[in-house]
Amino acid sequence: MPNVNRITVGAAIAQFLENCGVKAAFGVISIHNMPILDAFGERGNIRFVMARGEAGATNMADAYARTTGGLGVTVTSTGTAAGNAAGSMVEAITAGTPLLHLTGQIDSPYLDRNLGFIHEANHQLDMLQAVSKAAFRIRTPETAIGIVKRAVQIAMTAPTGPVSIEIPIDVQAALIDEPADLNPLPVAALAPSEAALDELAQRLAQAKRPLLWLGGGARQAGEQVRRLVKLGFGVITSTQGRGVIPENDPACLGSFTVAKPVENLYQTVDALLVVGSRLRSNETLKYAIKLPATRYRIDADSQADGRAYTTDFFVNGDATLALKGLADRLEGRMAVDPRFLDDIQSARQGAMAKLRDDVGPYAKLIDTLQSVVGESFNWVRDVTLSNSIWGNRLPCLHDSKAGVHALGGGIGLGLAMGVGAAVGAAVSGSGKKTFTLAGDGGFILNLGELATAVQEQADMLIVLMNDQAYGVIKNIQDAVYGGRKHYVQLHTPDYALLAQAMGLGHARVKSLDELDGALKEGLAAKGPFIVEIDMLSVGGFNTKFAGPPVKAAADKAGA
Ligand SMILES: Cc1ncc(C[n+]2csc(CCOP(=O)(O)OP(=O)(O)O)c2C)c(N)n1
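Since we're looking at a predicted model, the values are computed, not measured. (Residues numbered from 1 in each chain as written. Predicted model: local features only at pLDDT ≥ 70, side-chain atom pairs only at ≥ 80, totals over all residues. Heavy atoms only, no water.)

Caption draft 1: How the structure looks around the overall build of the protein. Helices and strands together make up the secondary structure of the protein, namely 22 helices and 19 strands. For the protein, the C-alpha radius of gyration of 24 Å lies close to 24 Å, the compact-globule estimate for 559 residues. Over its C-alpha atoms, taken along the principal directions, the protein stretches across nearly 70 × 65 × 45 Å. Expressed as a percentage of its 559 residues, the buried residues of the protein come to 57%. If you sum the accessible surface of the protein, you get close to 21700 Å²; carbon and sulfur atoms cover 53% of it. (Helix = DSSP H or I, 4+ residues; strand = E, 2+ residues; numbered from the N terminus. Rg over C-alpha atoms; globule rule 2.2 N^0.38 Å. Buried < 20%, exposed > 50% of the residue type's maximum accessible area, 1.4 Å probe, protein only. Areas by Shrake-Rupley, 256 points an atom, 1.4 Å probe, with all protein chains shown as cover.)

Caption draft 2: Up close: the sheet that holds strand β12 (residues 295-299). The sheet built from 5 strands is open, its strands ordered β10-β9-β11-β12-β13 with parallel pairing. Looking along the sheet, the strands with just one partner apiece sit at the ends: β10 (234-237) and β13 (313-316). Across the sheet, the axes of successive neighbouring strands diverge by a mean angle of 20°, strand direction being ignored. Sheet topology note: the β12/β13 ladder contains 4 bridges and is parallel. Following the sheet pairing, Tyr 296 is matched in β13 by Phe 313. (Pairing = 2+ DSSP bridges. Axes fitted to C-alpha atoms, helices over the stretch in contact; angles between N-to-C directions.)

Caption draft 3: Quick peek at the packing of helix α3 (residues 54-68) against helix α4 (residues 80-95). α4 packs onto α3 with a crossing angle of 25° between their chain directions and a minimal axis gap of 7 Å. Comparing the axis directions of α3 and α4 gives the class roughly parallel. Read as a crossing pair, α3 and α4 show a hand that is right-handed. Here Glu 54, Ala 55, Thr 58, Asn 59, Asp 62 and Arg 66 of α3 lie close against α4, whose contacting residues are Ala 81, Asn 84, Ala 85, Ser 88, Met 89, Glu 91, Ala 92 and Ala 95. (Parallel < 35°, antiparallel > 145°, perpendicular 65-115°, else oblique. Left-handed = near helix turned anticlockwise from the far one by under 90°. Contact = heavy atoms within 4.5 Å.)

Read these as spatial facts, not as claims about activity.
Pasting the structure below:
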């Protein structure tokens, strides 16, 4: 027998995560995760970001994963701490983020015995199961690494998602023989059937006006999408699919999925191919938008067939492999209507004109932002009026990893997500600046993470839209509750003083004439910086966004 090192389970996990390419992890230290974090610290290969709360830590890991394309890792304590992460896990599962959530548990001899043991969390595994793609409990030191490997494999396999593991503290600290193989398991892409691809290609070859609808599942398929665009396909994307091809490509409608000119264009499309998208309620006016009558679909999840909209033909498989199979088969076989590209551009221009009209004075904010971001940046957004009205579509994204939005609709995630994206940019050496758009209501929800941003010197420019209220809720009260305003007015701190106390830069913009200077000051700062837009001075939008739009109202507004 060769001499084998004895190491803790925590150290083995740290080593395994390094082999998975993890360069940063996020969490809050606790007695119930110290064997893992001690190993991170001692080994020094993973940058551990000390978030101020587990909700923020998990949002950070989520945004890190989305913007780097790697595995996100969040480490929490048992009980309350794991519970704090639950809302953020809901967001990660909504977005399909490959994420590993490591949490503690009390010592295994006392588990599940209702002994009133400090930090006991009965049914924690049930909670983790509810908010994760899969959840595991490690029961013995010898089985730990096998379970962690499997958890990462599940997280990384399409449809990707967050996976939780609870590890009793005695198991984390136990010594095991250093495992001979601490490499990740292979992640297999689901190959579509050749016969199904033949059939789909046969149908698409007849199309004169074919349109691709790309969702988050197609994020890695840019090269194959470009091949199909060359053959004459148009492209529209969901929020998650933004940037699979640059949004200023002439064939790309961006993410204007519910705009009226685009809905009109749908009626002229003779083949819609939906790839890796759930056709979510926000992107289809609660499934009422009139999509093209002929619809095909590719998805790694066979249960997506017929979901939300019926499908004429479905291919189960990995998006990149399926699109490659199609492009190979369609080369030289397409005869697309030469006017299709012009019609795409007119629909996009029509949608853009309506957007500019809706935003009123904030057109200047969009233009100035667009002029400073360049092509390589992260665009992180909280749930706020500005994002619903324009941030979900602009500025122009050039890469599918650039966009991060709280898709599940929860406010307060943006600040922490911005930190995660900025840390991802730092450890991957991408040099990307992170821009974070937030409303004052969402921003204050998780304000403690501003201290994390400063401590980490997260290179992020926060655009804080301050209307001193829950603006969207006020609009809903006007639209549905007879204008009665309850519980929407916010006490907001003086952000100049707050920023000073926290140790970061800040500029307040009362008139958008000051914006260019403020953004440039923020850009020059290496580290976090707040550009606060005083919306009470600048004025309101021309449109009153009152929650996810529905079909009748959108038609009336000519959206
Ligand atoms: C976690 C969570 N709590 C509550 C809500 C309900 N909610 C939706 S939008 C909103 C107001 C957001 O206010 P703010 O960030 O200031 O943006 P604004 O609407 O003013 O643009 C609230 C409270 C939510 N979506 N998520």
